[in-house]
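# Observations on the model geometry
What follows is each chain in one-letter form.
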Amino acid sequence: MKRIIILSISAITAVLSGSSCSQPSELPPLNEGYATEYIIPDPEQLTDEDRDYIEQVQDEYDAAISN
């Protein structure tokens with residue numbers, strides 16, 4: 001009886017350890033109903049004030065890293 005229990009536990013352990021070696025998928029599965037395309041908004045033109053502000057920030061950055 002003890003031998004049967006030991007053999008059955010060994011067999012179960014072998015089956016479980018052999019079935020746990022599969023590689024997981026790197027990408028999640030795609031589900032239907034989800035959007036797969038992205039809508040990119042139209043670009044907006046910068047105003048003169050925006051360009052001046054960006055230039056000021058860039059100049060401040062350049063001055064900070066040149067020291």
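Residues numbered from 1 in each chain as written. Predicted model: local features only at pLDDT ≥ 70, side-chain atom pairs only at ≥ 80, totals over all residues. Heavy atoms only, no water.

## Quick notes on the overall build of the protein chain
Scanning the protein chain from N- to C-terminus turns up two helices and zero strands. Looking at the 67 residues of the protein chain, the share that counts as buried comes to 0%. Total accessible area computed for the protein chain in this model is approximately 7,400 Å², and 59% of it derives from carbon and sulfur atoms. (Helix = DSSP H or I, 4+ residues; strand = E, 2+ residues; numbered from the N terminus. Buried < 20%, exposed > 50% of the residue type's maximum accessible area, 1.4 Å probe, protein only. Areas by Shrake-Rupley, 256 points an atom, 1.4 Å probe, with all protein chains shown as cover.)

## With respect to the pattern of salt bridges
Under the defined criterion, the tally for this structure stands at one salt bridge. Across the salt bridge formed by D48 and R51, the nearest N and O atoms sit 3.5 Å from each other. Residue D48 and its partner R51 are located together in helix α2 (residues 48-66), separated by three residues, close to a single helical turn. Among the residues examined, R51 registers a relative accessible area of 42% and is labelled partly exposed. (Salt bridge = Lys/Arg side-chain N within 4 Å of Asp/Glu carboxyl O.)

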